[in-house]
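# Architecture and fold: a report
Given next are the chains, with one letter for each unit.
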Amino acid sequence: MAEVKKAPFRADYVGSFLRPESIKEAREAFQAGNITAEQLRKVEDDAIKYLVQKQAEIGLEAVTDGEFRRSWWHLDFMWGLDGVEKAYTESGLKFQGVETRNETAKIVGKIDFSNHPFLEDYKYLASIKPEGVIARQTFPSAVQFLYEITKPHNLENTESIYPNKQELYDDIVQAYQKAFQAFYDLGCRSIQMDEVVWAVLCDKDYREKAESNGVDVDALIEEYIDLNNRVLEGLPEDLVVTTHVCRGNYRSTWHYSGGYDPVADALFGRENVHAYYLEFDTDRAGGFEPLQYLTGDKQVVLGLITSKSPALEKEEDVIARIEEAAKYVPLDRLCLSPQCGFSSTEEGNELTEEDQWEKMKLIKRIADKVWG
């Protein structure tokens, strides 16, 4: 039997891939009532099988289902939790010149994790992965979930069901620990928590606005680290948990900017994950200096290849930046990936599937050159 290595990998990626036309057409047909849920799932199965083959051909050591069955990188997972329903806001989130769909997650009862649809999705992925390759599960972190249900349009409703904040936090922790265990029981050994929250807390405009409204941002950082760490307590030793910090990724636009400095000590020093997938594809992410706060033997996956445009980076430029990062983190604890997924939402970024695969091949070539 082929040896299965542990994530992250020298040539890695964040999780989502561009939705093929077959899925877009099938989803439209399903929503119009022209095909059944079973027929839609068959189309998704076929597309995911092809995707997994493509990932393996490139030489990737972890595969995902590309998040092909999801509409959003985060909300679909939240909607699958007990006590949570899909809801709508007055408007979507405004990026640069575009606005997202106006969907959110609303608390309608006590939060828990039981028969989540992602479990069946993972079973299928695990059943088709090549031998010696790991099947990775991605979902939003506990902190990201808390952030969603306590946004201004959700806060009053959440507080009506959870007047006691400690009870809310306790139920989130319990639900998330059940989620980790459920995927582990299915054989999953690599879980990636996705988070925009840390990028929000790095954004100068957000911090200034929050502080002017009387929010203690530093206290918030401590609350968030504590919540995630409570979820991570007592997990199986051979379960690798990583986290991706996203600055917004919708149709090739972004939402937050600012270096990691304001959260570096807490996030890199005290969050109990094994590795971080970090965006470094533009100067909006600042320099590599905050990586000096990394503790233990934690790893960093450098998101130096952009998923937002088809332009292919130059190998020598990327290698130079890896060498720059290695001044703060030993080279053997660094890896390479795109800064984010190619399709954080079903709309996808503004590039083609061919562009997407050229980016992944570039990452593999560079990783082989740098790490052998």
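Residues numbered from 1 in each chain as written. Predicted model: local features only at pLDDT ≥ 70, side-chain atom pairs only at ≥ 80, totals over all residues. Heavy atoms only, no water.

The name an unreviewed UniProt entry gives the protein is 5-methyltetrahydropteroyltriglutamate--homocysteine S-methyltransferase, with Candidatus Pseudogracilibacillus intestinigallinarum as the organism.

### Some words on the overall build of the protein
Assigned secondary structure in the protein consists of 13 helices and ten strands. Whereas a compact globule of 372 residues would reach a radius of gyration of roughly 21 Å, the protein reaches 20 Å, a difference of no more than 12%. C-alpha extents for the protein along the principal axes are approximately 55 × 50 × 45 Å. Every one of the 372 residues in the protein was classed for burial, and the buried ones make up 57%. Partitioning the intrachain contacts of the protein with sequence separation of at least 6 by distance along the chain shows that 79% fall at a separation of at least 24. In the form shown here, the protein has an accessible surface area of approximately 15,700 Å², with 47% of it arising from carbon and sulfur atoms. Distance from the positive charge centre (43 side chains) to the negative charge centre (67 side chains) of the protein: 3 Å. (Helix = DSSP H or I, 4+ residues; strand = E, 2+ residues; numbered from the N terminus. Rg over C-alpha atoms; globule rule 2.2 N^0.38 Å. Buried < 20%, exposed > 50% of the residue type's maximum accessible area, 1.4 Å probe, protein only. Contact = heavy atoms within 4.5 Å. Areas by Shrake-Rupley, 256 points an atom, 1.4 Å probe, with all protein chains shown as cover. Lys, Arg positive; Asp, Glu negative; His and termini not counted. Charge placed at Lys NZ, Arg CZ, Asp CG, Glu CD.)

### Some thoughts on the layout of surface pockets
Of the volumes computed, that of the second largest pocket is approximately 580 Å³. Taken together, 21 residues line the second largest pocket, and the ones lying closest to its centre are Arg27, Glu44, Arg69, Arg70 and Asp76. Of all the secondary-structure elements, those providing two or more residues to the lining of the second largest pocket are α1 (21-31), α2 (37-58), α3 (75-79) and α4 (117-128). A per-class count over the lining of the second largest pocket returns six nonpolar, three polar and twelve charged. (1 Å grid on protein atoms, 1.4 Å probe; cavity = no way out; pocket = protein on both sides within 12 Å on 5 of 7 lines; lining within 4 Å. Points joined across faces, edges and corners; volume = space filled by probe spheres on them. Nonpolar A, V, L, I, M, F, W, Y, C, P; charged D, E, K, R; others polar.)

### Examining the pairing of strand β8 (residues 275-279)
The side chains of a regular strand alternate between the sheet's two faces. The buried fraction of β8 is high, at five of five residues. Every second residue of β8 is oriented toward a common face, with Ala275, Tyr277 and Glu279 on one face and Tyr276 and Leu278 on the other, all of them buried. Bridge count for strand β7 (residues 240-245) against β8 is four bridges, and the pairing is parallel. Each bridged residue has a counterpart across the sheet, and for His244 the counterpart in β8 is Tyr277. (Pairing = 2+ DSSP bridges.)

### Some remarks on the packing of aromatic side chains
Scanning the entire structure with this criterion turns up 16 aromatic pairs. Considering the side-chain rings of Tyr13 and Phe17, the 5.1 Å spacing of their centres and the 40° angle between planes classify their relative orientation as tilted. According to the relative accessible area criterion, Tyr13 is buried, its value standing at 2%. Classification of Phe17 by relative accessible area gives buried; the value is 0%. Connected via pairs of aromatic rings, a cluster forms that spans Phe77, Phe118, Tyr122, Phe139, Phe145, Tyr176, Phe180 and Phe183. Over the face of the ring belonging to Tyr162 we find Lys110, whose NZ or CZ atom lies 4.2 Å from the ring centre. (Phe/Tyr/Trp six-rings, centres within 6.5 Å; stacked < 30°, edge-to-face > 60°. Lys NZ or Arg CZ within 6 Å of the ring centre and 35° of its normal.)

### Brief notes about the sheet that holds strand β5 (residues 137-140)
With parallel pairing, the six strands of this open sheet are ordered in space as β5-β6-β7-β8-β9-β10. Each edge of the open sheet is held by one strand with a lone partner, namely β5 and β10 (334-338). Between one strand axis and the next, the sheet turns through 25° on average, direction left out of account. (Axes fitted to C-alpha atoms, helices over the stretch in contact; angles between N-to-C directions.)

### As for the pattern of salt bridges
Counted according to the given criterion, the structure contains 27 salt bridges. Where Arg27 meets Glu44, a salt bridge forms, and the shortest distance between an N and an O atom there is 2.9 Å. On the criterion of sequence distance, the pair formed by Arg27 in helix α1 and Glu44 in helix α2 is long-range, its members being 17 residues apart. For the pair Arg27 and Glu44, one class covers both residues: buried. Arg69 is paired through a salt bridge with Asp45; the nearest N and O atoms lie 2.7 Å apart. Separated by 24 residues along the polypeptide, Arg69 in the loop between β1 (62-63) and α3 and Asp45 in helix α2 bring together distant segments of the chain. By relative accessible area, which is 12% here, Arg69 ends up buried. Judged by relative accessible area, which is 15%, Asp45 ranks as buried. Connected via shared salt-bridge partners are Arg27, Arg41, Glu44, Asp45, Arg69, Asp121 and Glu346. (Salt bridge = Lys/Arg side-chain N within 4 Å of Asp/Glu carboxyl O.)

### Re unusual backbone geometry
The omega torsion of the bond from Ala7 to Pro8 falls at -5°, within 30 degrees of zero and hence cis. Summarising the element assignment, Pro8 is placed in the segment before α1. Positive phi is not limited to glycine here, since Glu67 has a value of about 60°. Looking at where Glu67 falls in the secondary structure, it is placed in the loop between β1 and α3. Residue classification places Glu67 among the buried residues on the basis of a relative accessible area of 3%.

### A short note on the nonpolar core
Of all hydrophobic cores here, the largest spans 110 residues; its most connected members are Phe145, Phe180 and Leu302. Once residues lying within four places of it in the same chain are set aside, the contact partners of Leu302 are Leu278, Phe280, Phe288, Leu291, Ile322, Ala325, Leu334, Cys335, Leu336 and Ser337. Of all hydrophobic cores here, the second largest spans five residues; its members include Ala7, Ala62, Ile134 and Val240. (Core = buried A, V, L, I, M, F, W, Y, C linked by side-chain atoms within 4.5 Å.)

### Observations concerning helix α9 (residues 204-212)
Residue Asp203 occupies the N-cap position of α9, its side-chain oxygen lying 3.1 Å from the main-chain nitrogen of Asp205. Immediately downstream of α9, the backbone of Gly214 shows phi near 85°, a positive value. (Polar contact = N/O pair within 3.5 Å; in protein donor to acceptor, adjacent residues only side chain to side chain.)

### Some remarks on the packing of helix α5 (residues 142-149) against helix α10 (residues 217-232)
Contact geometry for α5 and α10: axes closest at 8 Å, N-to-C directions at 130°. Here α5 lies oblique to α10, going by the angle between them. Residues Ala142, Val143, Leu146 and Tyr147 of α5 form the contact with α10, whose own contacting residues are Tyr224, Leu227, Asn228 and Val231. Counted by class, the contact of α5 with α10 contains seven nonpolar, one polar and no charged residues. (Parallel < 35°, antiparallel > 145°, perpendicular 65-115°, else oblique.)

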